[in-house]
There are 2 protein chains.
Amino acid sequence: MTEEVRLAHGSGGKETQGLLNEVILSLLGEDMKKVKGGVGTDELDDGAAIPIPGGYAVITVDSYTVKPYFFPGGDIGELAASGTINDLLMMGAKPLAIVDSIVVEEGFPLEDLRRITGSMVETLKRVGVKLVGGDLKVIPKGGLDGIVITTAGLGFAERIIVDSNLRPGDKIIVSGTVGDHGAAILAAQEGLEVEGGIESDVAPLHDLMMPLIEEYGPAIHAAQDPTRGGLAQALNEWASKTGYLITVEEDKIPVREKVRAFTEMLGVDPLTLACEGRAVLGVSGDNAEDVLGVVRDLGFEEASIIGEVRESERYGGMVVIKAITGGLRILEPPSGVIVPRIC
Amino acid sequence: MTEEVRLAHGSGGKETQGLLNEVILSLLGEDMKKVKGGVGTDELDDGAAIPIPGGYAVITVDSYTVKPYFFPGGDIGELAASGTINDLLMMGAKPLAIVDSIVVEEGFPLEDLRRITGSMVETLKRVGVKLVGGDLKVIPKGGLDGIVITTAGLGFAERIIVDSNLRPGDKIIVSGTVGDHGAAILAAQEGLEVEGGIESDVAPLHDLMMPLIEEYGPAIHAAQDPTRGGLAQALNEWASKTGYLITVEEDKIPVREKVRAFTEMLGVDPLTLACEGRAVLGVSGDNAEDVLGVVRDLGFEEASIIGEVRESERYGGMVVIKAITGGLRILEPPSGVIVPRIC
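Just so you know, these numbers come straight off a predicted model, no measurement behind them. (Residues numbered from 1 in each chain as written. Chains lettered and ligands numbered in written order. Predicted model: local features only at pLDDT ≥ 70, side-chain atom pairs only at ≥ 80, totals over all residues. Heavy atoms only, no water.)

Draft legend 1. Layout of the relation of the copies chain B and chain A. Superposing chain B onto chain A takes a rotation of 180° combined with a translation of 0.0 Å along the rotation axis, leaving an RMSD of 0.0 Å. Such a combination of turn and shift is consistent with a two-fold rotation axis. It is B:Leu144 whose C-alpha, among those of chain B, lies nearest the rotation axis, at 2.2 Å. A share of 100% of the interface residues of chain B reappears at the interface of chain A, consistent with the copies meeting face to face through the same patch. (Least-squares fit on C-alpha atoms with pLDDT ≥ 70 in both. Contact = heavy atoms within 4.5 Å.)

Draft legend 2. Representation of the interface of chain B and chain A. Opposite the 81 residues of chain B that make contact, chain A presents 81 residues. It is B:Val5, B:Met32 and B:Leu110 in chain B that bury the most area against chain A; as a group they hold 10% of the surface buried on that side. For B:Asp135, the salt bridge goes to A:Arg228, with nearest N and O atoms at 2.7 Å. For the pair chain B and chain A, the number of links is 35 residue pairs in polar contact (both at pLDDT 80 or more). Counting only elements with at least two residues in the side of chain B that touches chain A, the list comes to helix 1 (14-28), strand 1 (48-52), strand 2 (55-64), strand 5 (94-105), helix 3 (110-127), strand 6 (130-139) and strand 7 (147-157) of chain B. Tallying contributions element by element places strand 6 of chain B first for the side of chain B that touches chain A, with ten residues. (Buried area = accessible area lost by both parts, 1.4 Å probe. Salt bridge = Lys/Arg side-chain N within 4 Å of Asp/Glu carboxyl O. Polar contact = N/O pair within 3.5 Å; in protein donor to acceptor, adjacent residues only side chain to side chain. Helix = DSSP H or I, 4+ residues; strand = E, 2+ residues; numbered from the N terminus.)

Draft legend 3. Representation of helix 1 (residues 14-28) of chain A within the structure. All names here are of chain A. Spanning 15 residues, helix 1 covers 20 Å between terminal C-alpha atoms, matching the ideal 21 Å at 1.5 Å per step. Most pronounced at Asn21, the bend in helix 1 amounts to some 55°. Those residues of helix 1 lying buried are Glu15, Thr16, Leu19, Leu20, Val23, Ile24, Leu25 and Leu28. Gly29 sits one or two residues past helix 1 and shows a positive phi near 75°. (Expected span 1.5 Å × (residues − 1). Bend = angle between axes of the 7 residues up to and from the residue. Buried < 20%, exposed > 50% of the residue type's maximum accessible area, 1.4 Å probe, protein only.)

Draft legend 4. Summary view of the side chain of A:Ser101. Mapped onto the elements of the fold, A:Ser101 is located in strand 5 (residues 94-105). Within polar-contact distance, the side chain of A:Ser101 engages the side chain of B:Ser63 at 2.6 Å. In this view, A:Ser101 contacts A:Asp135, A:Val148, A:Ile149, A:Thr150, B:Val61, B:Asp62, B:Ser63 and B:Thr150; residues no more than four positions away in its chain are not counted.

Draft legend 5. The arrangement of the domain arrangement of chain A in detail. All names here are of chain A. Taken domain by domain, chain A holds domain 1 (34-157) and domain 2 (163-330). On a C-alpha basis, the centroid separation for the pair domain 1 and domain 2 is 23 Å. Overall, the association of domain 1 and domain 2 removes approximately 2,100 Å² of surface from exposure, summing both partners, and the carbon and sulfur fraction of that is 61%. For Asp45, the salt bridge is made with Lys241, and the minimal N-O distance between the two is 4.0 Å. There are nine residue pairs in polar contact (both at pLDDT 80 or more) connecting domain 1 and domain 2. Those elements that place two or more of their residues in the side of domain 1 that touches domain 2 are helix 2 (76-90), strand 5 and helix 3 (110-127). Looking at which element gives the most residues to the side of domain 1 that touches domain 2, the answer is helix 2, with nine residues. Looking at side-chain class alone, the side of domain 1 that touches domain 2 contains twelve nonpolar, seven polar and eight charged residues. (Domains from an automatic or database assignment. Nonpolar A, V, L, I, M, F, W, Y, C, P; charged D, E, K, R; others polar.)

Draft legend 6. Structural context of the sheet that holds strand 10 (residues 245-249) of chain B. Residue and element names in this part refer to chain B. Spatial strand order, 9-11-8-12-10-13-14: seven strands in an open sheet with mixed pairing. Sheet topology places strand 9 (220-224) and strand 14 (328-330) at the edges, where each strand pairs with a single neighbour. The average undirected angle you get between the axes of adjacent strands in this sheet is 25°. Bridge count for strand 13 (residues 319-322) against strand 14 is three bridges, and the pairing is antiparallel. By the bridge assignment for strand 14, Lys322 is matched with Leu328. (Pairing = 2+ DSSP bridges. Axes fitted to C-alpha atoms, helices over the stretch in contact; angles between N-to-C directions.)

Have a look at this one:
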């Protein structure tokens, strides 16, 4: 059997990392992974940083393939704009501009395309990020199921937030309920009706992150938007990058009741489902309560301190969760495909 | 009948421009099209420019969908790296870093993926451009015919080259034969054997442009890599942006003999076929011979002065070609689909 790309390679987790290592990163050599003094493929953070006078240019790229492209709470256009803006913000950068590339199948309804680009532009307008360039390609009928949008963003940071800077004593804050986006897409793909509906949380996090970066910059040691693989993936990346133990308490993690019920029914852990409008922050212990207060005052009322970072010889590099029932277990990084084309 | 995206919308010419205007540009409003003092979707040059201390950050994005993904003279990986590097160079910028996003179909052979990423990395190494970040998505089987690679690039320019700066008296220089890439893809798609073979010209233009930018920067008024729509599209964009007449002489335009014979057989104009390793330059009349000499000395021996820029009341905004046979005709911007998935 020929070795082939498998769906799990696109999960965003271990398998993705393994494939990228094999086909790209191992070929690069240290001097090709970043611009000197910056952040690049040696760290694989939310974006890359390139030193410029006065700070860093931050650049990031993501392709959006979500299906269905209209889903409860948003669409692929809003997702593409939000995702790229959020990656810049999670690096501590003020988003300045994005460029987009649309690849669409011949025969795609123009009305749908207009709705999609309309939401993308609307999202950018909300946060004042300019659309400065782009590309458009059409694939002959049968060559692509729908549409793929790729957005790259450019931001500027005086100081960058690099996840490897997480430290013992830091508190872990999430800005809102987790798993909403993943659950919404899963329900839509499976054609399952959920009472009251589950809406994606897709949104740009500009109104949350810009004030935090300005007021509490140095206290924010790590920041990530937990997309593919959800909170479980994000925390495991932090633990594994730093070698510290992260402990979280399940009953502190905000999960919508209908998301919990829906995922329980399907046997899926909401902590492994993508969010597209949430931040996970690693905040210095001294400032965590203050930061939480500010976050809530900014309108993110479900924000919560869910855990902390510790040194541990035995559990260093792992995430341990105290279940609602009281028991402790290791929260593994998700593997396999949880939901295909989730983002 | 519902309005649908047509193949011609992806031609890179008038239809593409029309669709982009309708679904994106018209929604933006002037203040959303660029970062103040820079270049953005108001100009639609090879890339966008954002003012930073000491000059401009230049950013560009393109999706590559070429089929077949291995073709005579190159592959989609080399194409993705070269295309983005060239767009930065054509803005007068030194390319610093790229980020890539790969969207691939489940079941895609890993060996092919390795070859593709291998050429991409090799191309970047040749010119010292760092690969600082990326994304990978897998589409379930049947959802994508093969692979799409999107690359975004970041460069730095002290002075940018903006095509609207083209002036009467400027000479037009092409750096080599035109139409090779388009002819190679066309032959491969149609399964046509050409005696001796036609190879794509795909290559990064670093070795050409960096010395020119450094030595002759202010004399280079306009620069473009004539990809979709070829030389005919590039020159028409310049004429239409500036309102000047561009005249070219067909017998000065380098076209490989086998490309000419092959395109004549198919009834296609090689001037409308994509190049992926050529530059078209608008150079101040006083410096044009010197610049041509430098270009040839740099190893681009087929480079040629093919025409000039004039003021004209009657033909302003148009491109007029003096045919080999002696007659004059208007060189129209190409319309319709010349070759699908050409780049």
